[in-house]
Amino acid sequence: MDFKQVTEAARPRLGSVCKGCVVCNGKACSNQIPGPGAKGLGDTAIRNFEAWSRIRVNMDTLFADEGCDTTCSLFGRTFRLPLFAGPVGAVQLHYGDTYTDESYNQALVLGCAQSGIAAFTGDGTNPNVMQSACRAIGQQEGCGIPTIKPWSLPVIEEKLALCRLSKAFAVAMDVDAAGLPFLKGQTPPAGAKSQQQLHEIIQLAGDLPFIVKGIMTVKGAEKAIDAGAAAIVVSNHGGRVLDGCAATAEVLPEIAKAAQGRCKVLVDGGIRTGTDLFKALALGADAVLVARPYVTAVYGAGSDGVQCLTEKFAAELADTMTMCGASSLKQISRDMVRL
């Protein structure tokens, strides 16, 4: 089974919005909410993808071939790749009724753990979304990162308690979710957080490393770090929350430079190949998140589909590293890509 076959199997199961495109570039689903599309024209999601394609890698095969080590560490855990599945919640709302949140998270978290990586899991207005995600993570000995929406403080406390019970090795909050249209006016309420509010939330997490997802400026990174974030994710929520926003690849270098040595820097948005992953590392990221292709993977073949997609990324990353003269992730440098 290859990922093309997984994609073909997923198409009839993905509901009415996601088309299961061969190339997931945001065009076929633009301006469709709810679902995998975006509010407004959807140009940010499209430009996320296109920005990575404009970056070129510099081939250099004149180097001592010492093999290819793609392992990375995050908060005391070692992973096979600097790759994590991105958080997706309310899958029946977004992708049709083939999977529930519980069955989706079971397949995603299991497939990632079996592949030597980990999944960020999603959240939603239905409490079962977070509950099922935490159950799935607990069954894999904490190999996952629950991602909490920016709810009111009492709700966040309840969800953090679930995260601790799951023994997750870290927890995240996608602060950019404040811009999702279907969250506005919901109960419990979700919305933007001040730096002080974020600090209070991170304090509530205690010794759980806290990841702030949704950083798109150096100023935002500084505020998240000062609030106590152990890691940030350069992300515009897949281009779904603000038209005219910069692509993540465009802002990654300046944010990574500002955050260097103070917190881990991850990035998502339009990353579709192991070569894109290589480009992200060359621009300063420590790891990447990939969300929508993992939805296709689960809908196409469950946990086996997750493993199939992960193998694809692993092979493409190793090939790019070998052809650009990097034997380990630490050897990937800025001069290996051309903007």
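Just so it is clear, the structure is predicted and the values come from calculations on it, not from any experiment.

Asks: What is the right way to look at helix 10 (residues 274-282) in this model?
Replies: Because each turn of an α-helix spans 3.6 residues, side chains separated by three or four positions in sequence point in the same direction. Most of helix 10 sits out of view: eight of its nine residues are buried. Those residues of helix 10 not exposed but buried are Gly 274, Asp 276, Leu 277, Phe 278, Lys 279, Ala 280, Leu 281 and Ala 282. With a side-chain oxygen lying 3.3 Å from the backbone nitrogen of Thr 275, the N-terminal cap of helix 10 falls on Thr 273. At the exit of helix 10 stands Gly 284, carrying a positive phi of roughly 115°.

Asks: Any chance you could explain the packing of helix 5 (residues 127-139) against helix 6 (residues 153-166) here in plain terms?
Replies: Helix packing geometry: the angle between the two helix axes and the distance between the axes. Their axes nearest at 8 Å, the elements helix 5 and helix 6 cross at an angle of 15°. Between helix 5 and helix 6, the angle is such that the two are roughly parallel. The two elements helix 5 and helix 6 meet at a crossing, and its hand is right-handed. Taking contact as the criterion, the partners of Met 130, Gln 131, Cys 134, Ile 137 and Gly 138 in helix 5 are, on helix 6, Lys 159, Leu 162, Cys 163 and Ser 166. In the contact of helix 5 with helix 6, the residues fall into five nonpolar, three polar and one charged.

Asks: Before we go on, may I ask you to explain the nonpolar core in this structure?
Replies: Across soluble globular proteins, nonpolar side chains show a tendency to be buried alongside one another. Within the largest apolar cluster, 111 residues are counted, with the highest numbers of intra-cluster contacts made by Ile 232, Leu 252 and Tyr 294. The residues contacting Ile 232, other than those within four sequence positions of it, are Val 212, Ile 215, Ala 221, Ala 224, Ile 255, Ala 259, Cys 263, Lys 264, Val 265 and Leu 266.

Asks: Help me understand the side chain of Asp 123 in this model?
Replies: Summarising the element assignment, Asp 123 is placed in the loop between strand 5 (118-121) and helix 5. Judged by relative accessible area, Asp 123 falls into the buried class, the value being 3%. One polar contact links the side chain of Asp 123 to the main-chain amide nitrogen of Lys 149, over a distance of 3.0 Å. Here the side chain of Asp 123 touches Trp 151 through a polar contact of 2.7 Å, side chain to side chain. With near-sequence residues (within four places) excluded, Asp 123 lies in contact with Gly 89, Val 129, Met 130, Thr 147, Ile 148, Lys 149, Trp 151 and Lys 159.

Asks: I keep staring at the packing of aromatic side chains and nothing clicks. Help me out?
Replies: For any pair of aromatic rings, the description rests on two quantities: the centre-to-centre distance and the angle between the ring planes. What the rule picks out here adds up to six aromatic pairs. Measuring from ring centre to ring centre gives 6.0 Å for Phe 84 and Phe 120, while their planes differ by 80°; the resulting arrangement is edge-to-face. Note that Phe 84 is positioned in strand 4 (residues 83-85) and Phe 120 in strand 5, a separation of 36 residues in sequence. Look at Phe 84 and you get buried, because its relative accessible area is 1%.

Asks: What's the story with the pattern of salt bridges in this structure? I'm lost.
Replies: It is possible for side chains bearing opposite charge to pair when their charged atoms get close. Tallied over the entire structure, the rule returns eleven salt bridges. A salt bridge links Asp 43 to Arg 47; its shortest N-O distance comes to 2.9 Å. Taken together, the residues span about one helical turn, with Asp 43 and Arg 47 both in helix 2 (residues 43-54) at a distance of four residues.

Asks: In this structure, what is going on with unusual backbone geometry? I would like to understand it.
Replies: For Ala 90, which is not a glycine, the phi torsion comes out positive at approximately 55°. By the secondary structure assignment, Ala 90 is in the loop between strand 4 and helix 3 (91-95). Although it is not a glycine, Lys 167 adopts a positive phi angle of roughly 60°. Mapped onto the elements, Lys 167 comes out in the loop between helix 6 and strand 7 (171-174).

Asks: What is the right way to look at the pairing of strand 11 (residues 287-290) in this model?
Replies: Regular strands have side chains that alternate between both faces of the sheet. Of the two faces of strand 11, both are covered, the one formed by Ala 287 and Leu 289 as well as the one formed by Val 288 and Val 290. Relative to strand 11, strand 4 runs parallel, the two being bridged by three bridges. Among the inter-strand pairings, Phe 84 is bridged to a residue of strand 11, identified as Leu 289. Two elements, strand 10 (residues 264-267) and strand 11, share two bridges in a ladder whose sense is parallel. For Leu 266, the partnering residue across the bridge sits in strand 11 and is Ala 287. In the classification by handedness, the crossover that spans strand 10, the intervening helix 10 and the parallel strand 11 is right-handed.

The rules behind these values
- Residues numbered from 1 in each chain as written.
- Predicted model: local features only at pLDDT ≥ 70, side-chain atom pairs only at ≥ 80, totals over all residues.
- Heavy atoms only, no water.
- Buried < 20%, exposed > 50% of the residue type's maximum accessible area, 1.4 Å probe, protein only.
- Helix = DSSP H or I, 4+ residues; strand = E, 2+ residues; numbered from the N terminus.
- Polar contact = N/O pair within 3.5 Å; in protein donor to acceptor, adjacent residues only side chain to side chain.
- Axes fitted to C-alpha atoms, helices over the stretch in contact; angles between N-to-C directions.
- Parallel < 35°, antiparallel > 145°, perpendicular 65-115°, else oblique.
- Left-handed = near helix turned anticlockwise from the far one by under 90°.
- Contact = heavy atoms within 4.5 Å.
- Nonpolar A, V, L, I, M, F, W, Y, C, P; charged D, E, K, R; others polar.
- Core = buried A, V, L, I, M, F, W, Y, C linked by side-chain atoms within 4.5 Å.
- Phe/Tyr/Trp six-rings, centres within 6.5 Å; stacked < 30°, edge-to-face > 60°.
- Salt bridge = Lys/Arg side-chain N within 4 Å of Asp/Glu carboxyl O.
- Pairing = 2+ DSSP bridges.
- Right-handed = clockwise from strand over helix to strand, strands pointing away.

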